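Understanding the architecture of this molecule
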Amino acid sequence: MTEPTKYHRDDLIRSIVEMNPNCYPSQTGMLKSALISVLTHVEVYDPKMFQEIMQFEMRCQERMKTLD
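We now turn to the structure provided with this report. (Residues numbered from 1 in each chain as written. Predicted model: local features only at pLDDT ≥ 70, side-chain atom pairs only at ≥ 80, totals over all residues. Heavy atoms only, no water.)

Quick notes on the overall build of the protein chain
Convention followed: Strands here mean DSSP runs of E at least two residues long; helices mean DSSP runs of H or I at least four residues long; both are numbered from the N terminus. Working definition: with a 1.4 Å probe on protein chains only, accessible area under 20% of the residue-type maximum means buried, over 50% means exposed, and in between means partly exposed. With residues, only the protein chains shown are counted as cover, and all accessible areas are computed by Shrake-Rupley using a 1.4 Å probe. When charges are counted, Lys and Arg contribute as positive and Asp and Glu as negative, whereas His and the chain ends are disregarded. For this purpose, a charge sits on NZ of Lys, CZ of Arg, CG of Asp or CD of Glu.
Secondary structure summary: the protein chain contains three helices and zero strands in total. Expressed along its principal axes, the backbone C-alpha trace of the protein chain runs to roughly 45 × 35 × 15 Å. Counting across all 68 residues of the protein chain, residues that qualify as buried make up 10%. Only carbon and sulfur atoms are counted for the fraction: they give 60% of the accessible area of the protein chain, which is about 6,300 Å². Within the protein chain, one finds 8 positive and 10 negative side-chain charges whose respective centroids are separated by 4 Å.

Written out as structure tokens, the structure reads:
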């Protein structure tokens with residue numbers, strides 16, 4: 001039996017940049033789509049982890065607002 005491929009968090013980003021090397025709007029759209037997909041998966045299969053992620057990210061958003 002073969003072992004499943006192990007991905008690193010940068011693999012998706014690298015792939016998206018390679019597919020759209022000079023088109024930042026396309027890269028942004030694809031990254032947003034990937035983020036939605038990942039968050040939906042986590043929300044469905046691990047609601048506790050989803051809440052931890054969201055609490056952390058919302059705290060980060062609040063901190064960023066204070067830097068403006």
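Having seen the model, we can carry on.
Topic: helix H2 (residues 24-45)
Selection criterion: Between the first and last residue of a helix there are one fewer steps than residues, each counted as 1.5 Å, and that sum is the expected span. This arc is taken over the directions from the axis of the helix to the C-beta atoms. We call two residues in contact when some of their heavy atoms are within 4.5 Å.
Compared with the 32 Å implied by 1.5 Å per residue over 22 residues, the 31 Å span of H2 between its first and last C-alpha is a close match. Listed as buried for H2 are Gln27, Ala34 and Val42. When H2 is viewed along its axis, its buried side chains cluster within an angular range of 70° and face the same direction. H2 presents Pro25, Lys32 and Val44 as exposed residues on the side facing more than 90 degrees away from its buried surface. The inward-facing, buried residues of H2 abut helix H1 (9-19) and helix H3 (47-67).

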